[in-house]
Structures are given as structure tokens and as C-alpha cells.
Amino acid sequence: MNVILFEKMPEGELRVIEERTWSMNMVAALEHVNYIVVGSREYEAVEGRLNVDAGKLELLLVPMRTEE
């Protein structure tokens, strides 16, 4: 299934992080996870939407603060 990851920016805008094909095992794993790591950055999965018209799963992510 094609999955689009959106990052919710502090100003409220949405930015596409990436779009890629996920296996059904990865999609099923979303039932058990709250956080996703993409490009070495950790995000909290806030909500998801199945876009039937586009045939894509869209996930809204918020970046986790990392201590530097």
C-alpha cells in the first residue's frame, strides 16, 4: 500500500516527508506503535487517513523534540 507521511509544522502547515510503498505487515504494525522513525528522526503518529480516491494511506506525524 502506498503511504504518505506528513509532518505537521509548528505553524500548522503540512510538509510531505516521503511517500513509499509499505508491506501489509508494516501497515498492520501501526496498530501497535505510537512513534515512527524516518530519516533518523523520530515522529509521533497523531492520526491517519485512508484516502480511497487516491488509494493511499496518509499519516500525520509530529516531530519529537530531541535534546542536543
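Basis of the calculations
- Residues numbered from 1 in each chain as written.
- Predicted model: local features only at pLDDT ≥ 70, side-chain atom pairs only at ≥ 80, totals over all residues.
- Heavy atoms only, no water.
- Helix = DSSP H or I, 4+ residues; strand = E, 2+ residues; numbered from the N terminus.
- Pairing = 2+ DSSP bridges.

Undergrad: Would you mind going over unusual backbone geometry with me for this structure?
TA: Only a minority of non-glycine residues have a phi that is not negative, and only a minority of peptide bonds are not trans. A positive phi angle, close to 65 degrees, is found at Ser-40, a residue other than glycine. Mapping Ser-40 onto the fold places it in the loop between β3 (35-38) and β4 (41-51).

Undergrad: Teacher, can you tell me more about the pairing of strand β5 (residues 56-63) here?
TA: Each regular strand shows side chains that alternate between the opposite faces of the sheet. Note that strand β1 (residues 2-8) and β5 share 6 bridges and pair parallel. Across the sheet, the residue bridging to Val-3 is Leu-57, located in β5. The pairing of β4 with β5 spans 8 bridges and is antiparallel. Paired with Ala-45 across the bridge in β5 is Leu-61. Between β4 and β5, which pair antiparallel and follow one another directly, the connecting turn spans 4 residues, one of which, Gly-55, has a positive phi of 70 degrees.

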